[in-house]
Amino acid sequence: MASLAYVLIILFLLSVATCPGSAQEDGTTTIELYNSTVNLTQGNFTFTPENDTETYTIDNLTDFGALNATGLEFNVSVMRDLPENMTGNMTGNENGDMNGNITDDENGNMIGDMNGNITDDENGNMAGMNGNMSNATADNTANVSFALEGIENITNNNTTGEMWLIYINGEPAEEDFGMNNVSDGDNLSFWYTTEESGEAAIENATYVVNITVAMEEEMEPLPAQNLTVLYNDTVNLTEGNFTFIPENSTQNYTVDNFTDIGALNATGLQYNVSVHGVNLTNMTNMSVLEGIEGIRNNNETGESWFVYINGTQAGEDFGMNPVSNGTNLSFWYTDEENGVAALDNATYLANITVAIEELEEPAEENDIIETATEAGNFSILLTAIEAANLTDTLKGEGPFTVFAPTDEAFSALPNGTIEALLNDTDALTNILLYHVAGERLMAEDVVNLTNITTLQGEELPVNVTEEGVFVGEAEIIVQDVNASNGVIHVIDAVLIPEEGMEPEPEPGQNVTEQYNDTVSLTEGNFTLMPENSTESYAINNFTDIGVLNAAGLDFNVSLMQNMTGNAANMTAVPFTLQSIEGIRNNNTTGEEWFLYINGEPAEEDFGMNNVSAGDNLSFWYTIEEGGEAAVENASYVANINVSELRANANIIPAAQNQTNLTVFVDAVQTANLTQTLDGTGPYTVCIPSDEAFNKLPEGTRNQLMNNTTLLNQVLSYHVVSGRYTYEQLIGMNNITNIQGNVLQVNAIGNNITIQNVSVTQIIVVNNGVICIIDEVLIPPDGEIPADNQTDGGQIDDNQTDGGQMDGNQTDGDQIDGGQMDGNQTDGNQTADNLTGDWYFFSVPFEANNTSVEYLLSDVNYTSLIYYNASTKLFEEVTEIEPLKGYWINVPAETGFNASEQFSSVEKKQIEAPPSLQVYPGWNALGSPVNETVPAEAAFIALNNSYAKIVGPWVPGNNTTGYYQYVGYNGLNGTIGENQLGADEFEVEPYEGYWVFIRQENLYA
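Source: prediction; values computed, not measured.

Caption draft 1: A look at the overall build of the chain. Scanning the chain from N- to C-terminus turns up 22 helices and 68 strands. The contacts in the chain between residues at least 6 apart in sequence include a share of 64% that link residues at least 24 apart. Total accessible area on the chain is roughly 48300 Å²; 43% of this is exposed by carbon and sulfur atoms.

Structure below.
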C-alpha cells in the first residue's frame, strides 16, 4: 500500500497539468481515488476498528459495506462517546437477560422506547439503547456508529480541518458512518474537504471516492456430493387448513395449507416442530423445524434444518412463509457459516415443488323451487308461489335469496288467513315478494346488513341478537341452503310487509320547487318576531323552523292564538307558518303550507318538531283533503335535507346546552366521568333524555343515583370510543363500548336504534358525537335493581342489591361499578349466614401437594369456595390449583395473607405451564406469574377474548369490602377515578380477580 501512496502523490503532481480530476473555482483540483460500481450481495463481513480490539460484524448493504467492496484501504474507529440522549444503565441478570420493558413487534423482534427500554428496528437490529453497554461482545453488532478516519492513507486532519464527509445520492448522509443502508442504484460520494456551516465544502475538496451500488441476487449454493435426498417431488395443495400438535405443547394448532409447513406436511414425511411464544390455537409464528425423518437439529455439531424458497433463504420463521403455484422449497440439513446456511456441507435435503389444485366444481344443483320441493316442509309456500304465478320466476336465472317460512310457520297464521290469501292474488304476491331479495345473500352477508331490499320494494330489517338472527319478526332457523339460482334461509314465521308509513304523495306536474338542497345546523338559537307580535322569540336551531331558517328562504310565521305572556326566551313555541318566499296561506282558495318530516305529516305544531341528522323536511303549499295535505295538488314545495347537527363544544358543555339532558349531566358529575367525557376523545355517547331516566321505576332510579359505583358502570355502558356520525351509524351493525360490550345498531329508513332503543337526535361535537336516546341502556352483565329489590344490604328471597348475598346470586355494588352476572358474588359473602371476613386469593404456581388439607392445615377458616364459570355455580374446594381465584371466609379479626401462607410451599417441577379453560361471563382467575405485571401481560394468552378485569378485593370488617380497580382490555391509561386501561391495571400474585370473558378460550 505504501507504493500505491507514492504513485498517488506522483499522479497528484501530474494532475496539475493533465487535470485528471475536476478543477474548482479557487484553482484546486479534486483527485478521484475511485469511480466505479461495486456489486453487493446480502451478507456480512468482519473487521476490527483501529481504536478497539473487538471484532465487529458489518452488513454488506450499508455505506461501510460499499466502501469495503471497492478494495480501497480505509481506516475506521468506533465512536466512544454516546449521544446525549443515551443516559441510564442497561443491566443484565445472572442469565444475561436484560431487565426492563421488552416488547415484541409482529415479527417477534424486540421493540421499546427511549426511556431505558431495548428497541429493535424492522431488521431485528437493536437500536435506541438508552444506557451504557457494559461487557458487550460486538461480534454480531450490525448497527454501531463509526468514524471514517481515512481512505488510501488520506486521513482526517485536525489542523487543517479537512475530513472525510459522506454524500448519498447527492445529499449529506443522514446517519453516522456504518448506519446508512444502501440499495441498488445508490451513489455514494466520500469527499475529503473542510466543513462550512455544518456541510461539506465540496468546492474545496481535494479527494473524492465515487461508488455506484449494484445488487447481486444471492444464489443457492450447490450441495455436497455426499448429500442424501429425502424427498424430491411435487405436492398438490388445496385451499384449507390442517391441525397438528408441536412436540413442546399439548395445544392443537391450525395451519394454512398454503405455507411452507403446509407443503412439508403434504409430502407425508415425518417431521417435528416446536412452537415458541404465546400459546394460542391459531398462531403459527415463532415455529422451529426440529427434524425431518428423524434427522434432528444437533446443538453439538451445529447442524440444523434451513428452508430455502425459490433459491433464497426463507425470510420468515418456519410456518410464516406463504407458498403459491410453482414455488420450490428446499429443506437443507447443514451447519451455518457467517449467518447463512453452508449448503455445500449439507448432508440431507428435502426438495419440494408446489402445485395448487383447484377445488372440483360441485355437482349441478337444483333451482330454488326444486330444492324447496325436495326438502318436504315447504308445501304451503310452494302452493302459494304457484297461485301467485311466481314459480317460473323463482326457477329463473336469479340469483335470489328466499326467506322461506316452513309449513308450521304458515299454520301459525290466524284461521282462514291462508285461504284468504290464496283467493287474493295481489295480496299474496305482495307478501311472497317481501320474502325474496334479488341477489344471493349468504348468512355471512345477512349478518352484516341492517336492511335487505326485497322484490316487493320494501326494506326487510335485519336484527342480530344473542338469541339469533332475525329478519323482520322471523328468526332464521336454517341458513345457507344453496340452490343453482340462489340460496334459501329457512325462517320460523311468515313475514308480513308493514303497512308502514303512508308514502308521501307524488306532487302534481305544476309544482314549483322553491328549494331542494341540504343544510347543516349548528347548536344555538336565532331570534325572530312573528308578524302578529311585537316580541322577539329565541328559536332553537335544531327544530323544523331552524331548518327553514338555515335554508335562507324568506318566510313569515305568526304566533298561535292561544299563546299569551312574554315568551321571549322560549325555545319551543308553536307557530303557524304563514308564507315562504312570498307565497302566503290563502283563505279563499284554501291553500296553505303543510310540513312533512321523513314522508309523514309533522306530529307537532310548527316550531315544536325537533330534527336530527338525516331528516328530510318537505314544505308543501296545497289544499287539505280528508284532514291531510293533498300533495298531488301542490303548486309549491321547499324540500330540505338535514346533513348534520353540530355543537362547537365538547360533549358535556354541549349536553348542558340541551334542556332535556339535565339528569345525564348531573349523573356524569356524580359518577366522576365529567373529566373523561370532556377529554380529547373522541367518544360517541348515547345520552338518555330526561324522559328516558323518568321511565325507570322510582326505586331503580333512586338506587342508581345514590350508588356512585353502579352509576359509573351504567353510564360507561353508554360510552363508545370513536366518532360515529349519522352517515356512519346508518351503515353499521354494531359498535363496541369502552367496557368491551357490543351494542347492536339497526337502521329502519332514516331511524336508528342502538340496543333496540331509538336515537332521537344526533349532534356532532368537538370531541365526538352525542346520540340522544329515549331509554336508558341496561348492561347485560348485571342487573339494575328493580322496585322489588332491597336497597340497603338486606336479604330478600333470592336476590340482594346492596353488598350481601343469599347463597348463589347478587348484583352487588362492586363489580365494575357494581354488577356481576349469574350466580356470582360481589365479595360480601353471607352464604350460610357466615359473618367472618372474606378474602379473594390465588396461588401463582402449582404446589407439589395441592390438597386443601395440606395447604390450609394451619388456617382457621369457615368456608372455601370457587366460582365455576362453566356451571355458573360456587363449589366447595378440595384442591387449590394455579390460575384460579378462590374465596375464603375466616373469623373476623383473624385475617388471611395468601402470600405469607403459600410463598414457602414446595413447588411442583412441571414440564409444561398449567392452563385453565375459561368460559363466557365472569371467571375467577389468578395471576400466571409470581410478580406484579400489567393486565395486558398477565392475560396475554386470552388476547381479545376478555373485556375487563376487576380487583383486587380489599376486605373489610365482616361482610364489607370493595374492589380497588376496574381494567378494560384494549384501552390505555387512566380512564376514571378507579377505571384503568389494561396497560396500567396491575395484576398481583396471590390476589384473585374477576375477569369477564367474551368467548371460550384457554388461559395459560
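Caption draft 2: Representation of the state of the cysteines in the model. On inspection of all chains with the given rule, the structure shows 0 disulfides. Cysteine 686 takes part in no disulfide bond, and the closest cysteine sulfur, belonging to cysteine 771, lies 5.2 Å away. Of the residues examined, cysteine 686 reaches a relative accessible area of 0% and is grouped as buried.

Caption draft 3: View of the sheet that holds strand 22 (residues 287-292). Pairing in this open sheet of 3 strands is antiparallel, and the strands run 21-22-23 from one edge to the other. One side of each edge strand has no neighbouring strand; the edge strands of this open sheet are strand 21 (271-275) and strand 23 (295-296). Alignment of strand 22 against strand 23, held across 2 bridges, turns out to be antiparallel. Among the inter-strand pairings, isoleucine 292 is bridged to a residue of strand 23, identified as isoleucine 295.

Caption draft 4: View of helix 5 (residues 379-387). Within helix 5 the residues assigned to the buried category are Leu381, Leu382, Ala384 and Ile385. Viewed end-on, helix 5 has its buried residues packed into an arc of 160°, placing them on one side of the element. In the segment just after helix 5, asparagine 389 is the residue with positive phi, at about 60°.

Caption draft 5: Region of interest: the pairing of strand 57 (residues 863-868). The element strand 57 is largely enclosed, with a buried count of 6 among its 6 residues. Note: strand 57 against strand 59 (residues 886-890), 4 bridges, orientation antiparallel. Bridge assignment links isoleucine 865 to a residue of strand 59, and that residue is tryptophan 887. Pairing geometry for strand 57 and strand 58 (residues 873-876), over 4 bridges, is antiparallel.

Each value, and the rule that gives it
- Residues numbered from 1 in each chain as written.
- Predicted model: local features only at pLDDT ≥ 70, side-chain atom pairs only at ≥ 80, totals over all residues.
- Heavy atoms only, no water.
- Helix = DSSP H or I, 4+ residues; strand = E, 2+ residues; numbered from the N terminus.
- Contact = heavy atoms within 4.5 Å.
- Areas by Shrake-Rupley, 256 points an atom, 1.4 Å probe, with all protein chains shown as cover.
- Disulfide = S-S within 2.5 Å.
- Buried < 20%, exposed > 50% of the residue type's maximum accessible area, 1.4 Å probe, protein only.
- Pairing = 2+ DSSP bridges.
- Arc of directions from axis to C-beta.

Honestly, that's just the spatial picture; any functional story needs more than this.
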